[in-house]
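Residue-level structural notes
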Amino acid sequence: MNPELAELLKRQGPLPLARVMALAADQYYATKEPFGTAGDFVTAPEISQMFGELIGLWLADIWQRAGAPKRVLLAELGPGRGTLMVDALRAIQRAAPALAQAAELHLVERSPRLRAIQAKVLPGATWHDDLGTLPEDAPLLLVANEFLDALPIAQFEKLEDGWVLRRVEVAGSSGPRWDRSVGANLAFIPASLRDAPRGSIHERSFAAEQVGAAVAKRVAAQGGAALFIDYGYAGPALGDTLQALKGGQYADALETLGEADISAHVDFGAIARAADPHARVQGPQPQGMFLDSLGLPERAERLKAMASNARRAEIEAARVRLSSIGAMGRLFQAMAISASDWPAPAGFPTLPA
Ligand code: SAH
């Protein structure tokens, strides 16, 4: 566990998990290199250029069908190393050069270290600490891959005599442990889950719901479309999904606070319910179906046709990893939130047009 965080918890006494996660995430992203083969986890844009390219085409397509607005904000939440946006912009430049010209690039990133890395590959962008400072006077095209999962969650646990809020405690010389001494506000537990058996856990990310609500409100008012991709489910549901990854291996979330990537599965059901009724919500739908319907197999074939033998095998492996059910294809889900007076974004074939 990060020593500063341990000291703080010792001084302050037990703090709610969401608060501890926020502190841990800031320390982690400020100091560690999480991405790539040497890092703690590998994200879809780092697996293959095809991921960002297909998202670029998704953006170009909706922009064109919405009448190719002259001014448009192109925004990303939590861009990491900037790989997704670089690949997306390259595809946009080819498919819709006028969008590449018109787009004003806005990146929401809190880590100064990652901002510096992003600035090298995305010069000319404007950075924001959160969504609040994005301009409001133009349509918004927004993407966020593995952003919502990094946001803090609250965990509620059902004990013999009712629901409690899980807090993290560091006392004396012992390591961090759960404190279960504070009752939960029952308004936060969906009625359908209140009678769950003892030991059940219900998670809720107020931060993720706020992001969903804010984005939906903006696209409804400004025009535009947003794409969220993350591992998750359509709740409300029970289950403990808090996880820590260190060097590609699962680790104990409490023991490694601030030193490992800590995340939780995203409840897309809660995001959809938080969205403005004037916004259109599509999905969640499995990433594999989403990418396949945008043309992942065709893109892979085209890249393979130009590649060496060794490179061909890599492209095929990346395609399988991104889309197959056994890999990221089903665990990861895509959700689009768009202005209801815009055409429906592509990639959600199960929904009527
Ligand atoms: N989208 C990238 C990186 C995902 S990691 C990819 O797919 O590779 C999560 C990213 O979100 C990091 O850039 C991290 O610094 C950023 N982040 C996490 N919590 C944040 C917060 N509360 N506000 C802004 N950015 C945050």
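Scroll up a little and you will see the structure.
In what follows, the accompanying structure is described. Starting afresh in each chain, residues are numbered from 1 along the sequence in its written order. Reporting in this predicted model follows two pLDDT cut-offs: at least 70 for local features of residues, and 80 or more for side-chain atom pairs to be given and counted; totals over whole chains, interfaces and linings ignore these cut-offs and use all residues. Neither water nor hydrogens contribute to the side-chain values; these are computed over all heavy atoms in the structure.

**Some thoughts on the environment of Val164**
Going along the chain from the N terminus, every DSSP run of H or I of four or more residues is numbered as a helix, and every run of E of two or more is numbered as a strand. Position of Val164 among the secondary structure elements: in strand β7 (residues 162-169). Overall, Val164 belongs to the buried group, its relative accessible area being 8%. When the C-alpha positions of Val164 and Val182 are compared, they lie 5.6 Å apart, and in sequence the two are 18 residues distant. Residue contacts are defined here by distance: any two heavy atoms, one from each residue, within 4.5 Å place the two residues in contact. Not counting residues up to four positions away in its chain, the partners in contact with Val164 are Gln155, Phe156, Glu157, Leu159, Arg180, Val182, Gly183 and Ala184. Burial classes: relative accessible area under 20% of the type maximum marks a residue as buried, over 50% as exposed, and values in between as partly exposed (1.4 Å probe, protein chains only).

**What to know about the side chain of Thr43**
Counting through the fold element by element, Thr43 comes out in the loop between α2 (17-31) and α3 (44-47). Leave out the neighbours within four places in its chain, and Thr43 touches Phe35, Asn145 and Glu146.

**A word on the site of the ligand**
In the vicinity of the ligand, 15 residues are found, and the nearest of them are Thr43, Gly78, Glu109, Arg110 and Asn145. Any pair of nitrogen or oxygen atoms within 3.5 Å is treated as a polar contact; in protein, a donor-acceptor pairing is required on top of that, and neighbouring residues in sequence qualify only through side-chain atoms on both sides. In the model, a nitrogen atom of the ligand is placed 2.7 Å from a nitrogen or oxygen of the Gly78 main chain. One of the backbone nitrogen or oxygen atoms of Gly80 is found 3.1 Å away from an oxygen atom of the ligand. Values of accessible area rely on a 1.4 Å probe in the Shrake-Rupley scheme; residue burial ignores everything except the protein chains shown. Relative to its unbound accessible area of 570 Å², the ligand is 92% covered by the protein chains. Basically, the charged four are Asp, Glu, Lys and Arg, the nonpolar ten are Ala, Val, Leu, Ile, Met, Phe, Trp, Tyr, Cys and Pro, and anything else, Gly included, counts as polar. Taken together, the residues of the shell around the ligand sort by class into 7 nonpolar, 4 polar and 4 charged. Consider each residue's heavy atoms; a residue with any of them within 4 Å of a molecule or strand counts as near.

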